[in-house]
Structure formats: C-alpha cells, structure tokens
Amino acid sequence: MLRQCMSKVYCISYSDFGALITDGEFDISIVRLDEFDYPVYEDVLLRGKLHVKRRFLNRINSVFDEDAQYEAELPSEIKRLELSYDGLELYVIPGLDFNRLFEGQMLNEYGMVLTDLPSERLPFYDDETLSEDIVMLCPNGVDLNDPLNGDINE
C-alpha cells in the first residue's frame, strides 16, 4: 500500500515494530468515541514518544478465546489505526523494503528513520494487519477488543 508523504515522517521495519510493541509496558486506555451514532471504540496506547490509536466496533470475541473472530470492518469514514512517534506520523514498512530504502541511514534507538521520501518509494503495511498485530502482541495482558476494560490505568 502506498501513501502520500508530504512532510517528515518516521518509518520502521515490520520486525522492529513488532519488537517495539512487545518490549515494554504501555499506558493503555479504551474509550468510546462520541462523534458516531454507533458504538466505535478507540484503544490509546502510550509509551514515551510512541502513540498508538486503534479503532474498533463494539465487542467481538476476546483474542484469548479459542473461537476468536476477525475484527469487524470499519466504515470508510473511520481510520483504523494511527501511529506516531515524537508527534510525527509513523509508518511500518516490510523489512526488505526498509533495508533497501534506508541502508546506511541513521536510525534512532528503536530502529526508526526520519524521512521525507516521496510516497511512490514507500510501501507501507496495511492498517488491518498492523491492528491485528497490535492486539496480539501488545503487552500488559489486556484484551484491546474489549471496551468493558475502559481505562485500565485507573
């Protein structure tokens, strides 16, 4: 999937993103978004400069259930996932493409590179795949698909 890249963004390889999500604890809250006429929820995961927002429709089976189902598809006006680092958008790129595009460039401590490459050179992972990865890999043992968790930090 290609996206427009008009300003500086952070990019990270898929494997480094997985390590970042699994390594360390996040402050997690789950809130209902009031701007919709139907139940839309948002997971908000914060750790240092990393900020993840993941949206989903009301409760589906727990990811810990054996018969877990895929997430319900969101209406087109709702963006499934927003990733940012230090206030800038963060995009996840397949590992081989990341290595090819950013070979020899300075990476931060998480394996991210700050870039403004044109969009036609940046193949991004799709939000649905990353959203499922976040649910499965996120630490803290929290079911991110369960709006009944509410703000788990209270």
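S.K.: What exactly am I supposed to notice about the overall build of the chain here?
M.R.: Looking only at helices and strands, one finds three helices and seven strands in the chain. Reading the helices (α) and strands (β) of the chain from amino to carboxyl end gives β-α-β-β-β-β-β-α-β-α. Every one of the 154 residues in the chain was classed for burial, and the buried ones make up 47%. The long-range fraction of contacts in the chain, counting pairs at least 24 apart against all pairs at least 6 apart in sequence, stands at 67%. Accessible surface, the chain: about 8,600 Å² in total, of which carbon and sulfur atoms supply 47%.

S.K.: Please explain the layout of surface pockets as it appears in this structure.
M.R.: Any space left empty among the atoms is revealed by the rolling of a water-sized probe across them. Size it by volume and the largest pocket reaches roughly 200 Å³. Residue lining of the largest pocket: 17 residues in total, with Lys-79, Leu-81, Glu-82, Leu-83 and Leu-90 positioned closest to the centre. Counting only elements with at least two residues in the lining of the largest pocket, the list comes to strand E4 (50-57), strand E5 (81-85), strand E6 (88-93) and helix H3 (127-137).

S.K.: I would appreciate a short explanation of the confidence of the model for the chain in the present structure.
M.R.: Do not read the fine detail of predicted coordinates wherever pLDDT is low. Per-residue confidence for the chain gives a mean pLDDT of 82; residues scoring 70 or more make up 79%. The element-level mean pLDDT for the chain is lowest in H3, coming to 88, with E5 highest at 95. For residues 1-5, every residue scores under 50 in pLDDT, and the model assigns this stretch 21 contacts once sequence neighbours within four places are set aside.

S.K.: Got a minute to help me understand unusual backbone geometry in this structure?
M.R.: Trans peptide bonds make up the majority, and among non-glycine residues the majority have a negative phi. Unusually for a residue other than glycine, Asp-86 sits at a positive phi of about 55 degrees. Counting through the fold element by element, Asp-86 comes out in the loop between E5 and E6.

S.K.: Is there a simple way to explain the sheet that holds E6 in this structure?
M.R.: Strands in a sheet are paired, the pairing made by backbone hydrogen bonds, and the direction either parallel or antiparallel. Read across the open sheet, the seven strands follow the order E2-E3-E4-E5-E6-E1-E7; overall the sheet is mixed. Each end of this open sheet is capped by a strand with a single partner; those strands are strand E2 (27-33) and strand E7 (113-115). Sheet twist, expressed as the mean angle between neighbouring strand axes with direction ignored, is 30 degrees. Pairing of strand E1 (residues 9-13) with E6 involves four bridges; the strand directions are parallel. Looking across to E6, one finds that Ser-13 is bridged to Ile-93. Lying on the sheet, helix H1 (residues 14-22) is in contact with E1, strand E3 (40-47), E4, E5 and E6; it crosses E1 at an angle near 95 degrees. Contacts between helix H2 (residues 95-102) and the sheet are confined to E1, E6 and E7, with E1 contributing the most and set at about 125 degrees to the helix.

S.K.: What's the story with H1 in this structure? I'm lost.
M.R.: Within an α-helix, residues lying three or four positions from one another point in the same direction, as the helix has 3.6 residues per turn. Residues Phe-17, Gly-18, Leu-20 and Ile-21 constitute the buried set of H1. One side of H1 holds all its buried residues, which, seen down the axis, span an arc of 160 degrees. Contacts from the buried residues of H1 go to E1, E3, E4, E5, E6 and H3. Once H1 ends, the next one or two residues include Gly-24, with phi positive near 110 degrees.

S.K.: Sorry, what's going on with the environment of Asp-133 here?
M.R.: Note that Asp-133 resides in helix H3. Under the relative-accessibility criterion, Asp-133 is labelled buried at 18%. When the C-alpha atoms of Asp-133 and Ile-21 are compared, they prove to be 8.8 Å apart, with 112 residues separating the residues in sequence. With near-sequence residues (within four places) excluded, Asp-133 lies in contact with Tyr-14 and Cys-138.

So, how was this worked out
- Residues numbered from 1 in each chain as written.
- Predicted model: local features only at pLDDT ≥ 70, side-chain atom pairs only at ≥ 80, totals over all residues.
- Heavy atoms only, no water.
- Helix = DSSP H or I, 4+ residues; strand = E, 2+ residues; numbered from the N terminus.
- Buried < 20%, exposed > 50% of the residue type's maximum accessible area, 1.4 Å probe, protein only.
- Contact = heavy atoms within 4.5 Å.
- Areas by Shrake-Rupley, 256 points an atom, 1.4 Å probe, with all protein chains shown as cover.
- 1 Å grid on protein atoms, 1.4 Å probe; cavity = no way out; pocket = protein on both sides within 12 Å on 5 of 7 lines; lining within 4 Å.
- Points joined across faces, edges and corners; volume = space filled by probe spheres on them.
- pLDDT = per-residue confidence, 0-100.
- Pairing = 2+ DSSP bridges.
- Axes fitted to C-alpha atoms, helices over the stretch in contact; angles between N-to-C directions.
- Arc of directions from axis to C-beta.

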